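# Descriptive structure summary
Spelled out, the chains give:
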Amino acid sequence: IKRIKKQFPDAEDDDLRKKVDENLRVCFIREKAGGNWEDGNSLGMHAKHFIVDDTCTYIGSQNLYVCDLAEWGVVIDDKATTEKIKSTYWDPMWKCSFTPDDCDVDEVMDGLGIDRDGDPNATMDAAAAAQSVGRPADADMYGDEMDDEGIIL
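So, a few notes on the structure that sits alongside this text. (Residues numbered from 1 in each chain as written. Predicted model: local features only at pLDDT ≥ 70, side-chain atom pairs only at ≥ 80, totals over all residues. Heavy atoms only, no water.)

## With respect to the pairing of strand β1 (residues 48-52)
In regular strands, side chains alternate between the two faces of the sheet. Going by this rule: The criterion for strand pairing is that DSSP finds at least two bridges linking the strands in question. By definition, any uninterrupted DSSP run of H or I lasting at least four residues is a helix, any uninterrupted run of E lasting at least two residues is a strand, and each is numbered from the N terminus.
Here β1 pairs with strand β2 (residues 56-60) via five bridges, running antiparallel. By the bridge assignment for β2, Phe50 is matched with Tyr58.

Rendered as structure tokens:
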């Protein structure tokens, strides 16, 4: 959206909001079986999925922003294969996943001016990182409690 605004600086904000509302779908991936494992922990998925004009698809871990991570994925530029992926994998998952509440277009559009690059020299210790994603400071990424030296109890 930022690139569109940069390429077409005279584009009306209301028109862009309407295009985003009509054409972009962002949601949390959900499964028919629910969103939690048997132990109550929530399911998670790191994969990114893109289907373009029902002719080409991408499935992988690459983010939509520049980052210094090893990301991998596959692009399938074949309409028949994309249609098969869409009908057997994507459509059933989408049916369980999409709700209009996941992505507020106005919130997205209003947030475009936010500097998300951050301070490249900033660091965060493990406890602060855990708290930033809603985990207790004394828990590892799997929810296991740790002692003061980071050893799982």
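## Some thoughts on the pattern of salt bridges
What counts here: For this document, the term salt bridge refers to a Lys or Arg side-chain nitrogen within 4 Å of an Asp or Glu carboxyl oxygen. Partly exposed describes any residue whose relative accessible area lies between the buried limit of under 20% and the exposed limit of over 50%, with all areas from a 1.4 Å probe on protein chains only and scaled to the type maximum.
Summed over all chains, the structure comprises six salt bridges. Where Asp91 meets Lys86, a salt bridge forms, and the shortest distance between an N and an O atom there is 3.1 Å. For Asp91, a relative accessible area of 32% puts it in the partly exposed group. Residue classification places Lys86 among the partly exposed positions, given a relative accessible area of 23%. Bridged by salt links that share partners, the residues Lys5, Asp13, Arg17, Asp106 and Asp110 form one connected network.

## Let's talk about the environment of Tyr58
The criterion, for reference: Contacts described as polar in this section are N or O atom pairs within 3.5 Å, which, within protein, must combine one atom able to donate a hydrogen with one able to accept it, while residues neighboring in sequence count only if both atoms come from side chains.
Along the chain, Tyr58 turns up in strand β2. Measuring from C-alpha to C-alpha, the distance between Tyr58 and Gly73 comes to 6.9 Å, with 15 residues separating the pair along the chain. Within the structure, Tyr58 has its side chain in polar contact with the backbone nitrogen of Ser61 (distance 3.5 Å).

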